[in-house]
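Structure assessment
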Amino acid sequence: MSEEELQLHFTYEEKSPGNYSSDSEDLLEELLCCLMQLITDIPLLDITYEISVEAISTMVVFLSCQLFHKEVLRQSISHKYLMRGPCLPYTSKLVKTLLYNFIRQEKPPPPGAHVFPQQSDGGGLLYGLASGVARLWTVFTLGGVGSKAAASPELSSPLANQSLLLLLVLANLTDASDAPNPYRQAIMSFKNTQDSSPFPSSIPHAFQINFNSLYTALCEQQTSDQATLLLYTLLHQNSNIRTYMLARTDMENLVLPILEILYHVEERNSHHVYMALIILLILTEDDGFNRSIHEVILKNITWYSERVLTEISLGSLLILVVIRTIQYNMTRTRDKYLHTNCLAALANMSAQFRSLHQYAAQRIISLFSLLSKKHNKVLEQATQSLRGSLSSNDVPLPDYAQDLNVIEEVIRMMLEIINSCLTNSLHHNPNLVYALLYKRDLFEQFRTHPSFQDIMQNIDLVISFFSSRLLQAGAELSVERVLEIIKQGVVALPKDRLKPLADRQVDRVLACQAFVHAASGFSQFHGLSVSSLFYPHFDHNIARMLGKQKCVRHHLCPRKNVSPFRRERHPLALQS
């Protein structure tokens, strides 16, 4: 059924006997306005709980017209009514109500308080209808983009879930031709209830909400895809909430669930993983965050199974999880840009590395070793291919030159990360120096390589300086003695001998709406892809930027007009 056909069901015509003319009245706008009033004005009680769920679900159904359009729907009857007219004054109140529904996570009332007859799955009338449409749509959305469809967990709060999904749908409505999306404006501008400063007159639809309660709910709900999307949306678009979160002294409550998403990458769909990674990129743009995470000490991280971590800093754990994600990508998913984005997060942090755990330092060098082996393998394949071409001119040659260029760019990023740490915080990281010395032979081949000579100077200096001090100390040194010599040598090494490299000035490639269009494809309404309601395809230009900003070391997608969601074979993922 088209939206025009749906509108006919809500068109009232009054005809007088013997009169062929008639006056019609469109009741759809009035219905949407009544639904908004129902959601915002009726207090949440046991007897009104399901009415609220049904009202919110009804609005989601009305906004589902995108399901029947291949292209992004920029004009819609429902969109028009929601963005102007009698519905517009309810914008901020609706967004605030939906956020508080998410925060409170109210559970459904006991069976005796139900207003509507219950179905076997516990949902209401329109809730069940939307779920049926959703399961059908899952086949077309998540089944066709190379992603795993996350299993639908038992919902502890249907009201919170539906409120969150409606909020995300409203936030991603396209702007009208003559006015911006008011719901996105409300999400971009709301403030903390403790902020007493007046709202500027230029900011419409502004309101206040308890940031502490919102932060707690976001930390607790990161196991769901749509909660991760909400966190990204708030961090990316609302500077008030971003400043508040970065100032928190308990950032581990937020970071640990994000790291757990990346750690269980094989169990998540690619969009959820990308969203978690972009959240880390936003956080690591802040130097205060990069310093503070190394001051937070964690004990007994039970979900990290590669090694028993009885005590480790949050910063070191973040490094371990990101490196694990890179290595998983190189051997399994082979996503062309995932590893580059992971390295960007490490690069953002590298100047503030502090007291790296010995295992984190080992994994940094192990990753460089893996990249070095890939480089040597492709170089050997290129050499053999050139020899074979001399005997057979008809066989087309693989483009090994391009593969080598990409691998060398990634190797350079790794060397920049190591170099940045040594230059800015050598005295804080004896374990990294120890790991460098232990694997010093890895770096020999890059000393004379023309692509790495500049960046190898500091690394070569550190290796040579500490190697000579170890030789002077004699043979058969224990680990403790080596670390002691390193700590003494750090004090003796003149800081001016380490020359900082010029910082990279790179555009901040965080896709604004384009990224939300692509990434919100994982948010499901019982299987319904929320972005499919409005943004049905995933190849939007990732380079629609927020604007050029100074972003030191931050390097996302090397090819700006290629979406990171396209599955492309990468030379770093060549079969062994």
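Rules of the game
- All residue numbers here refer to positions counted from 1 along the written sequence of the relevant chain.
- For a predicted model such as this one, the threshold for reporting local features is a pLDDT of at least 70, and the threshold for listing and counting side-chain atom pairs is 80 or more; totals across whole chains, interfaces and linings nevertheless cover every residue.
- Side-chain numbers come from the whole structure's heavy atoms, not from hydrogens or water.
- Put simply, DSSP H or I for four residues or longer makes a helix, DSSP E for two residues or longer makes a strand, and each gets a number counted from the N terminus.
- Burial status follows relative accessibility: with a 1.4 Å probe on protein chains alone, a residue under 20% of its type maximum counts as buried, one over 50% as exposed, and anything between as partly exposed.
- Two residues qualify as a contact provided that any one of their heavy atoms is within 4.5 Å of a heavy atom in the partner residue.
- A 1.4 Å probe and the Shrake-Rupley method give the accessible areas. Residues count as covered only by the protein chains that appear here.
- Between the N-to-C directions of two axes lies an angle of 0 to 180 degrees, each axis being a line fitted to C-alpha atoms and, for a helix, fitted only over the stretch in contact.
- Each angle gets one of four labels, with under 35 degrees taken as roughly parallel, over 145 as roughly antiparallel, 65 to 115 as roughly perpendicular, and the rest as oblique.
- Each crossing gets its hand from how the near helix is turned against the far one by less than a right angle, where anticlockwise is left-handed and clockwise is right-handed.
- Ring pairs shown here join Phe, Tyr and Trp side chains whose ring centres sit within 6.5 Å, with only the six-membered ring taken for Trp; geometry is labelled stacked below 30 degrees between planes, edge-to-face above 60, and tilted in between.
- Remark: a charge is flagged as sitting over a ring if the NZ atom of Lys or the CZ atom of Arg is within 6 Å of the ring centre and within 35 degrees of the ring normal.
- As a per-residue measure, pLDDT tells how confident the predictor is, with possible values from 0 to 100.
- Counted as a polar contact is a pair of N or O atoms within 3.5 Å, where, for protein atoms, one must be capable of donating a hydrogen and the other of accepting one, and residues adjacent in sequence contribute only when both atoms are in side chains.
- Residues belong to a common nonpolar core when they are buried Ala, Val, Leu, Ile, Met, Phe, Trp, Tyr or Cys residues joined through side-chain atoms within 4.5 Å.
- One side-chain nitrogen of Lys or Arg within 4 Å of one carboxyl oxygen of Asp or Glu is enough to make a salt bridge.
- Any pair of cysteine sulfurs within 2.5 Å is marked as a disulfide.

What follows deals with the overall build of the chain. Looking only at helices and strands, one finds 23 helices and eight strands in the chain. A total of 576 residues make up the chain; the buried ones form 55% of that total. Partitioning the contacts of the chain with sequence separation of at least 6, the portion at a separation of at least 24 is 75%. Within the structure as shown, the chain displays about 26,000 Å² of accessible surface, and the carbon and sulfur contribution to it stands at 51%.

Let us now look at the environment of Tyr359. Mapping Tyr359 onto the fold places it in helix α17 (residues 358-389). Exposure remark for Tyr359: the relative accessible area of 10% places this residue in the buried category. Separated by 39 residues in the primary sequence, Tyr359 and Leu320 place their C-alpha atoms 8.1 Å from one another. Discounting residues that sit within four places of it in the chain, Tyr359 has contacts with Tyr304, Glu306, Arg307, Leu309 and Leu320.

You can see Lys80 is positioned in helix α4 (residues 77-83). Overall, the relative accessible area of 41% leaves Lys80 in the partly exposed class. Distance in space between the C-alpha atoms of Lys80 and Asp175 is 10.0 Å, their sequence separation being 95 residues.

So, on to the packing of helix α5 (residues 91-104) against helix α9 (residues 211-220). Following both chains from N to C, one finds α5 and α9 inclined at 55°, their axes separated by 8 Å at the closest point. Relative to α9, the element α5 lies oblique. Of the two elements, α5 crosses α9, and the hand of that crossing is left-handed. Across the interface between the two elements, Leu99, Phe102 and Ile103 of α5 pack against Ser213, Leu214, Ala217 and Leu218 of α9.

As a further point, take unusual backbone geometry. The backbone of His205 shows a phi angle near 60°, a positive value even though the residue is not glycine. Position of His205 relative to the elements: it lies in the loop between β3 (191-192) and β4 (208-209). A positive phi angle, close to 45°, is found at Ser355, a residue other than glycine. Inspection of the secondary structure puts Ser355 in the loop between α16 (338-349) and α17.

Before going further, it helps to examine the packing of aromatic side chains. For the structure shown, the criterion picks out ten aromatic pairs. Ring geometry for Phe190 against Phe207: centres 5.2 Å apart, planes inclined by 20°, an arrangement best described as stacked. Of this pair, Phe190 sits in the loop between α8 (182-189) and β3 while Phe207 sits in the loop between β3 and β4; the two residues are 17 residues apart in sequence, bridging distant segments of the chain. On the basis of relative accessibility, which here comes to 0%, the residue Phe190 falls in the buried class. Look at Phe368 and Phe443: their rings are 4.7 Å apart centre to centre, the planes differ by 10°, and that puts the pair in the stacked class. In this pair, Phe368 is assigned in helix α17 and Phe443 in the loop between α19 (430-438) and α20 (444-447), connecting sequence segments 75 residues apart. Exposure class is identical for Phe368 and Phe443. Each is buried. Three or more aromatic residues link up through ring pairs in this structure, and these residues are Phe190, Phe207, Phe211, Tyr215 and Tyr244. For Lys191, the ring lying beneath its charged end belongs to Phe199, and the centroid distance is 4.2 Å.

Let us look at the confidence of the model for the chain. Scored by pLDDT, the chain has a mean of 78; 73% of the residues are at 70 or more. Confidence drops under a pLDDT of 50 for residues 129-147, and excluding neighbours within four residues, the segment shows 32 contacts in the predicted structure. Below pLDDT 50 for its whole length, residues 504-576 participates in 242 contacts with residues either more than four positions away or in separate chains.

Structurally, Asn419 is set in helix α18 (residues 400-425). In this view, Asn419 contacts Ile455, Asn458, Ile459 and Leu501; residues no more than four positions away in its chain are not counted.

Here the focus is α9. Every buried residue of α9 is accounted for by Phe211, Leu214, Tyr215, Ala217, Leu218 and Cys219. Packing partners of the buried residues in α9 comprise α5, β3, β4, α10 (225-237), α11 (239-246) and α12 (252-263). Sitting at the amino-terminal end of α9 is Asn210, which places a side-chain oxygen 3.0 Å from the backbone nitrogen of Asn212.

Quick look at the nonpolar core now. Core analysis: the largest hydrophobic core is formed by 156 residues, its most contacted members being Leu317 and Phe443. Element by element, the count of residues in this core is highest for α18, at twelve residues. Once residues within four sequence positions are removed from consideration, Phe443 is found in contact with Ile365, Phe368, Leu415, Ile418, Leu436, Met456, Ile459 and Ile463.

Here we come to the environment of Glu30. On the secondary structure map, Glu30 appears in helix α2 (residues 28-41). The partly exposed category is assigned to Glu30, whose relative accessible area is 45%. Distance from Glu30 to Tyr81, taken between C-alpha atoms, is 9.0 Å for residues 51 residues apart in sequence.

Bringing the pattern of salt bridges into the picture now. Taken as a whole, this structure holds eleven salt bridges when the rule is applied. One salt bridge connects Lys93 with Asp41, and the closest N-O pair in it is separated by 2.8 Å. Pair noted here: Lys93 is in helix α5 and Asp41 is in helix α2, with a separation of 52 residues, a long-range link. Between Arg412 and Asp454 there is a salt bridge, and its shortest N-O distance comes to 2.8 Å. Of the two residues, Arg412 sits in helix α18 while Asp454 sits in helix α21 (residues 453-473), which places them 42 residues apart along the sequence.

Before going further, it helps to examine the packing of α2 against helix α3 (residues 49-62). For the pair α2 and α3, the least separation of the axes is 9 Å and the interaxial angle reads 140°. Considered as vectors, α2 and α3 are oriented oblique to each other. Considering the relative orientation of α2 and α3, their crossing is left-handed. Facing Leu28, Leu31, Leu32, Leu35, Met36, Leu38 and Ile39 of α2, the residues of α3 in contact are Ile51, Ala55, Ile56, Thr58, Met59 and Phe62.

This brings us to the state of the cysteines. Scanning the entire structure with this criterion turns up zero disulfides. Take Cys34: it sits in no disulfide, and the sulfur closest to it among the cysteines is that of Cys33, at 6.1 Å. With relative accessibility at 41%, the residue Cys34 sits in the partly exposed group.

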